[in-house]
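# Chains, contacts and geometry: an overview
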Amino acid sequence: MRTILLIFGLALLLGSCSKEYQIRHKEDRIIGAWEFEKVFYKKDHALFRDDITYEYRHDIVEFFPDYTAIYDDYSLGSIFDGDWILIVDDDYYYDEGSDLEFFIDAVFYDFVNGEDFKLFGSIDRLNRHKLHLEAHDRRGKFTFKLRRL
């Protein structure tokens, strides 16, 4: 009985360490400057998605290790300060066998117009060079494809 409890406790300890490792690993990969490469929007029940990259052309999001961020809006010529956090959903199941889904939640503050905005989405792909996010609103789904600068 003791052996079973010891094995169970060890498995629980190792499992929790691997989750924390995965979270830190994702956070380390997110840190840096990202430029919007492609942005698509698909309305609910629509057959095709719209390419809305022109609305985000040359915009840059930079995530810092202290969980602050900036959004450089090229078309407005403004930079917005913000905060970000990585959210983990334990109940999601990936085909690769992982049971974690990661979300990025970033809030940017517009002190001039008083209209804060958010970038919230599930991380579909994250490596050294690419970050793909999928976000939903009331009318449809955004797909953001960013590349590291």
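Residues numbered from 1 in each chain as written. Predicted model: local features only at pLDDT ≥ 70, side-chain atom pairs only at ≥ 80, totals over all residues. Heavy atoms only, no water.

## A few points about the pairing of strand S4 (residues 68–73)
Alternating residues of S4 divide into Ala69, Tyr71 and Asp73, all buried, and Thr68, Ile70 and Asp72, none buried. Counting the residues in the hairpin turn of strand S3 (residues 60–63) and S4 gives four residues, including Tyr67, whose phi is positive at 65°. Adjacent in sequence and paired antiparallel, S4 and strand S5 (residues 78–89) are bridged by four residues, among which Gly77 carries a positive phi angle near 65°. (Buried < 20%, exposed > 50% of the residue type's maximum accessible area, 1.4 Å probe, protein only. Helix = DSSP H or I, 4+ residues; strand = E, 2+ residues; numbered from the N terminus. Pairing = 2+ DSSP bridges.)

## Details of the environment of Phe40
With respect to the helices and strands, Phe40 occurs in strand S1 (residues 32–43). Taking C-alpha positions, Phe40 is 8.7 Å from Lys145, a pair spaced 105 residues apart along the chain.

## Comments concerning the pairing of S1
Looking at chain direction, S1 and S3 are connected through four bridges and run antiparallel. Following the sheet pairing, Ala33 is matched in S3 by Glu62. Pairing analysis gives nine bridges linking S1 to strand S9 (residues 140–148), with the strands arranged antiparallel. Counted as the bridge partner of Lys38 is Lys145 from S9. As judged from the two bridges shared by S1 and strand S2 (residues 50–51), these two strands associate in the antiparallel manner. Paired with Tyr41 across the two strands is Asp50, which belongs to S2.

## Notes on the pattern of salt bridges
One pass over the full model with this rule turns up six salt bridges. In this structure, Glu37 engages Lys130 in a salt bridge whose closest nitrogen and oxygen atoms are separated by 3.4 Å. Of this pair, Glu37 sits in strand S1 while Lys130 sits in strand S8 (residues 130–136), and the two are 93 residues apart along the sequence. Take Glu37: its relative accessible area is 32%, and that puts it in the partly exposed class. Overlapping salt bridges bring together Glu35, Glu37, Lys130 and Arg147 as one network. (Salt bridge = Lys/Arg side-chain N within 4 Å of Asp/Glu carboxyl O.)

## A closer look at a nonpolar patch on the surface
Side chains of Ile85, Ile87 and Phe120 sit close together on the surface and give an oily, nonpolar patch of about 240 Å² of accessible area. For Ile85, the position within the fold is in strand S5. (Patch = residues over 30% accessible without salt bridge, like charges linked within 9 Å, V, L, I, M, F, W, Y side chains within 5 Å. Areas by Shrake-Rupley, 256 points an atom, 1.4 Å probe, with all protein chains shown as cover.)

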